[in-house]
Amino acid sequence: MSEAEFCDVGLYDTFPKVLAHNADKWPDEIAMREKSYGIWIEYSWSDYNTAVKQIAMGLRELGFERGQVVGMIGDNRPEWVQFEIAGQALGGMSIGIYRDCMADEADYLINYAELTMIMAEDEEQVDKLLELGDRIPSVKKIFYDDPRGIEKYDDPRLMKLSDLKALGAGRIAASPDDYDREVALGKAEDVAVLCTTSGTTSRPKLAMLQGGPFLQHCVAYLTKDPKLPTDNYCAVLPLPWIMEQVYAIGHSLVCRNIVNFVEENDTMMADMREIAPNFVLLAPRTWEALVADVRTRMMDASAFKQKLFNWGVERGMKAFEAGRRDWLADFLLFNPLRDRLGLGQVTSAATGGAALGPETFKFFLAMGVPLRQLYGQTELAGAYTLHEPDDVDFDTVGLPFDNTEIRIDNPDPEGVGEIVTRTGGMFLGFYKNQEATDADVKDGWMHTGDAGYIRPKDGHLVVIDRIADLAETNQGIRFSPQFIENKLKFSPFIGETVILGNKRDYLTAMLCIRFDIVAKWAEQNAVSFTNYTNLSARPEVYDMIEREVRQVNATLPEAQRVRKFLLLYKELDADDGELTRTRKVRRGVVGERYANIIDTLYSDRKSVHVDTEITFQDGTKSRIVTDLVVVDLGHDGGVGDTGEAGKAA
Amino acid sequence: MSSIKEGEVLLSVENISLAFGAVQAISNVTFDIRKGEVRAIIGPNGAGKTSMLNVINGFYHPQEGTITFAGKTRSRMLPHEAAAQGISRTFQNVALFKGMSTLDNIMTGRVLKQKASLIEQAFYFGRGRSEEIEHREFVENIIDFLQIQAIRNQPVGRLPYGLQKRVEFGRALAAEPELLLLDEPMAGMNLEEKEDMSRYIMEVREQFGTTVALIEHDMGVVMDLSDRVVVLDYGCQLADGTPDEVSASQQVIDAYLGVSHD
C-alpha cells in the first residue's frame, strides 16, 4: 500500500495548474471512471487534462474572457467537472446549478451571475434553458453532451460539446502554448467557484471561493482523513454542492484518488456496489433511508433470515457497545450486508448537515462502517470539523481542522452561543452582495448563525441548531424545532415533520408519512389504500403514528412534548418551495401555505377540511379534497399510557 | 435491408381470409404498410387484429389471399422466414424469458445475427467472442435508448408489467427489424408509462427508420401516433385512412365507438 501524498498546493495553486501537474507527472494513472453503456470507462490524468484543454480553447475561440462566468447544469458527469476547470483555466469563475432546479430558479442564478457559457447535460436541461427564451440575455452558448432529442431545435446558441472540443483541438494545433499561457496567468487568489448557499430563508447567495485557499483547505481536510491515489470515490452528491466540489474536484486533484461517476441516478446503488468506494459522505436522511430499506427488505424475508438478522444485529450491537467486534455477526451478517450496500471497502464514512439518529449511527458503526460526523458551511469551503476515527461521539461534530479556529460568541451561562469560525479556505465574500458579506463576516471571522458550544472536557464542537430557528413558546420555553423533528424522523414510518409552537401555547406537529415503508406496513396489516393522501388518512395509520409520537414524547421534557399532531395529505417537496434543495424545511413557506391547518392545530376543532390543487412534476394538476384529523394527546403528550401503547406496538 | 425507399409500400396484404373451422376470423382484408410510417390496426375485441398480425408474421396461414413483403409475394409467411426478412414483434401478453435478465432477454433478439458456431460460442473465442462484443454493444445502445439501465441485470420476471413491456420492445428492436409489429404495446400501462412508450415508438422511427404496425385500444394514442389507420370489425375491413378520415367515418363510429342513440 502506498502512502498518501498531497500535491504542493503552494506551488500549484489553482485547479487547472494542479490538473496539468498531475497530467504531466502521472499521465497514465486513472483519474476518473464513468459507467456508460454498461461499462466502466476510464480516463487518465492525461485524458482529463486534454479534455479540459480542448474545452478551454474552444471557449476561448468563442470569445470567453477572463472574469466571465461558466455554468454547469445536469447530472454528475466527467464533462461537468472538465467544463468547470476549463472555465477557471481561462480566468473565469464557475457556478453549478442543481439539476432538479426549476426554470425560474435557473433564471435567477443565470442572471445574477451573468453566465455567458453554460453546459447543459441533456434535453431536459436544454429545454429548461430554452424555455427561458430571452430572459437570459447574457448566455452566449449552451453546450450539450447528450444529443438525444435536441437535434430538433435550431437555436443558434446550442452547440454540441464534441464540436466545442473539436474547435478547441483546432486552436491547440494552431497555437499549442496558448493554454499553458492562460493557466500560468491564474493566481491563487482568483475567485474560482461561485458556490450557491442553501438559502433556507431566501434566494441563494453566491459564495466566492478562491482556488488557492480552497486547495489549501482540501489539504487540511486530507491531513485529517487521508486518501490514497488508489482510493475510489463515487461522485453521487450534487456537484453544485460545496462538499462535492471538495471531494470530486479538490480532493481528487490534491491526492489523485479516483472519482467514479455512476451511469444513471437509478443505477446508483448497483454502480456503487461495483466500485465499492473507500470513502462516502451521505446526508443523514440517506443513511437513515439505507437502514430503513434494509429493515423493509427484512420484513419480506423468510422467518429464518429475519431471525438471523435480528440475532446478528443484537450480537453485533452488544459487541460494539463493549468496544469489540463479534466475528460471527461480522461473518454471517455485517460483511455481506456492507457489501450489499456498496460499503464493503469503506475506510472512512461521513455524515453532516443535520443530526443523525444515534440508533442509525450505532447500527453503521456496529456494522463496521467507520462513520463520523462533520460540520461546516459553504462560505468556509465546506467541512472544517471532523471526528477522529477513535473518538466518535453522537452528540458532537468533532474537532476542527489544523487551519481552523472556532470561538463561541455571546455565550449564555451554559456556554451556548453563536459559532464563529475562521479557516484558511474561507470565502472572499458573497458575489455582488457586500451587504450580506458585511453582515456575516466581521474582522475576518464568519458568523455562522448556528448555536452551539465547545465541550470543555475534550474540545469537541456541539451544534444545536440555527440561532434564528430556536423558538420560544408563550410560556417562555426555548426549544429547537429541528431537534424534535429529527427525533420524530428517527421513526422509520415518519418522513418529514414540521414542529410548530413558536409564540404559541404548546407544541404541535405536522407529519408526513414515509410512503414506501408505511405502504409496506399497510400491506402486511391488511390496510387497504389507494394513494399517499388516502393512506395518510387511514385511522390505522394514525394509530400507528400516534404510538411513534408518544414514544418520542416520552424522551422529551413535558413542556417540549408534541401535544397535537396531524398527518399531512402530501409530502413536503423542494419543487413547491417547502424544502430547500438540501431538504431543510422552509418554515416561512410552510407556515404560510398551511396557515389554515396550523390554525386548526391551535383551536378546539378536531379536523380541518382541505380542498386544494397540487401540481405534479410533469405539469398535470390534481385536486385533493380531504379532511385531516387532529390527534390531541393531552397535556402530558400522551406519555402517561406509553407503557400500554408500547405493548400494543 | 431491402431497397424500398421511404414512403413506398413495404408490406401489403391482399384479400386475406382466415377461418378457424366455422369461425371466420378475417374475411377479405386488404391493406398496405408504407416504409417509415406508423400504421395502426384498430377494432373492437375479437375483430381479428391479433390474427392479422399473426398472419403477417406467419403464425397463422390464411386460406386465401397473398402477402407481399419487400417485393416478394407469397400465400403464406413462415415465422422464421418473417424474422429473417426483418419482421419482429411483441406480444399482447408479454412473452419473455422470466428467469433471465433484461440484458440476456434483449440479447436473444440478436440471435439471428449471430454467425459463430456453437463451439466458438461455448468456448468464447474467434467469432464467438467478437460477435458477443459487437452484439452487446448494440444491445447496450437499446438499453440506453429505452432508459432501462437500472434493470439491466434484473430477472425480468421480477419487473413490473410496464417495464416488462419495455424489455420486450427492446428485444424486438434488437433484431434491427425493418417492420416492427406491436401487439397492444400500451395495454395495462398507466398514463406516464403510455407517454413514455409513445415517445419511444416515435423515436424508434426517427432514430432507426423502423416501420411500425401496432394494435392498440387507447384511441388517444392511436390518433396521436399513427399516420394511417385500418379498422377491422368481425374480421371485415371497415375503413382505411388517416386518423381524421377514419374517425369521421360513420361506419367506424357505429361499429367501433358504438351507435349513438340521440
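What this report covers is the structure whose coordinates are included nearby. (Residues numbered from 1 in each chain as written. Chains lettered and ligands numbered in written order. Predicted model: local features only at pLDDT ≥ 70, side-chain atom pairs only at ≥ 80, totals over all residues.)

1. A word on the overall build of chain A
- Of the regular secondary structure elements, chain A holds 22 helices and 30 strands.
- Along the longest, intermediate and shortest principal axes, the C-alpha atoms of chain A span 80 × 55 × 55 Å.
- In chain A, buried positions account for 46% of the 649 residues.
- In chain A, once contacts between residues fewer than 6 apart in sequence are set aside, the share between residues at least 24 apart is 65%. (Helix = DSSP H or I, 4+ residues; strand = E, 2+ residues; numbered from the N terminus. Buried ≥ 20, exposed ≤ 12 C-beta atoms within 10 Å, placed from the backbone. Contact = placed C-beta atoms within 7 Å.)

2. Things to note about the packing of helix α2 (residues 45-61) of chain A against helix α6 (residues 161-174) of chain A
All names here are of chain A.
- Where α2 meets α6, the axes come as close as 7 Å, and the angle between the chain directions of the two elements is 90°. Here α2 is positioned roughly perpendicular relative to α6, judged by the angle of their axes. Residues A51, K53, Q54, I55, A56, M57, G58, R60 and E61 of α2 lie in contact with α6, whose contacting residues are L164, K165, L167, G168, A169, R171 and I172.
- Grouping the amino acids of the contact of α2 with α6 by side-chain chemistry returns eight nonpolar, three polar and five charged. (Axes fitted to C-alpha atoms, helices over the stretch in contact; angles between N-to-C directions. Parallel < 35°, antiparallel > 145°, perpendicular 65-115°, else oblique. Nonpolar A, V, L, I, M, F, W, Y, C, P; charged D, E, K, R; others polar.)

3. Section: the pairing of strand β10 (residues 236-241) of chain B
All names here are of chain B.
- Pairing of strand β9 (residues 228-233) with β10, which is carried by five bridges, proceeds in the antiparallel orientation. Along β10, the bridge assignment pairs V230 with D240.
- Linking β9 to β10, which pair antiparallel, is a turn of two residues; within it Y234 sits at a positive phi near 45°. (Pairing = 2+ DSSP bridges.)

4. Digging into the sheet that holds strand β27 (residues 562-567) of chain A
Residue and element names in this part refer to chain A.
- Read from one edge to the other, the open sheet built from four strands follows the order β25-β26-β27-β30, with strand pairing classed as mixed. Since the sheet does not close on itself, it has two edges, and those belong to β25 (494-500) and β30 (631-632), each with one partner.
- Pairing of β25 with strand β26 (residues 507-513), which is carried by six bridges, proceeds in the antiparallel orientation. Along β26, the bridge assignment pairs V498 with M510.
- Against the sheet, helix α16 (residues 481-489) touches β25 and β26, its axis set at about 150° to β25.

5. Description of helix α7 (residues 191-208) of chain B
All names here are of chain B.
- The end-to-end C-alpha separation of α7 is 25 Å, in line with the 26 Å expected for 18 residues at 1.5 Å each.
- M197, I201 and V204 are the residues of α7 that are buried. Burial along α7 is one-sided: seen end-on, the buried residues are contained in an arc of 60°. Away from its buried face, by an angle of more than 90 degrees, α7 presents the exposed residues L191, E192, R199 and E206.
- Buried residues along α7 sit against β3 (38-42), α6 (161-174), β8 (211-215) and α8 (219-225). (Expected span 1.5 Å × (residues − 1). Arc of directions from axis to C-beta.)

6. Re the sheet that holds strand β9 (residues 206-210) of chain A
All names here are of chain A.
- Pairing within the open sheet is mixed, and its eight strands lie in the order β7-β6-β5-β3-β4-β8-β9-β19. Strands at the two margins of the open sheet, each flanked by one partner only, are β7 (158-160) and β19 (429-430).
- As judged from the three bridges shared by strand β6 (residues 141-144) and β7, these two strands associate in the parallel manner. Within β7, the residue paired with I142 across the bridge is L158.
- Against the sheet, helix α3 (residues 78-89) engages β3 (69-73), β4 (93-97), β5 (115-120) and β8 (191-196), with an angle of about 175° to β3.

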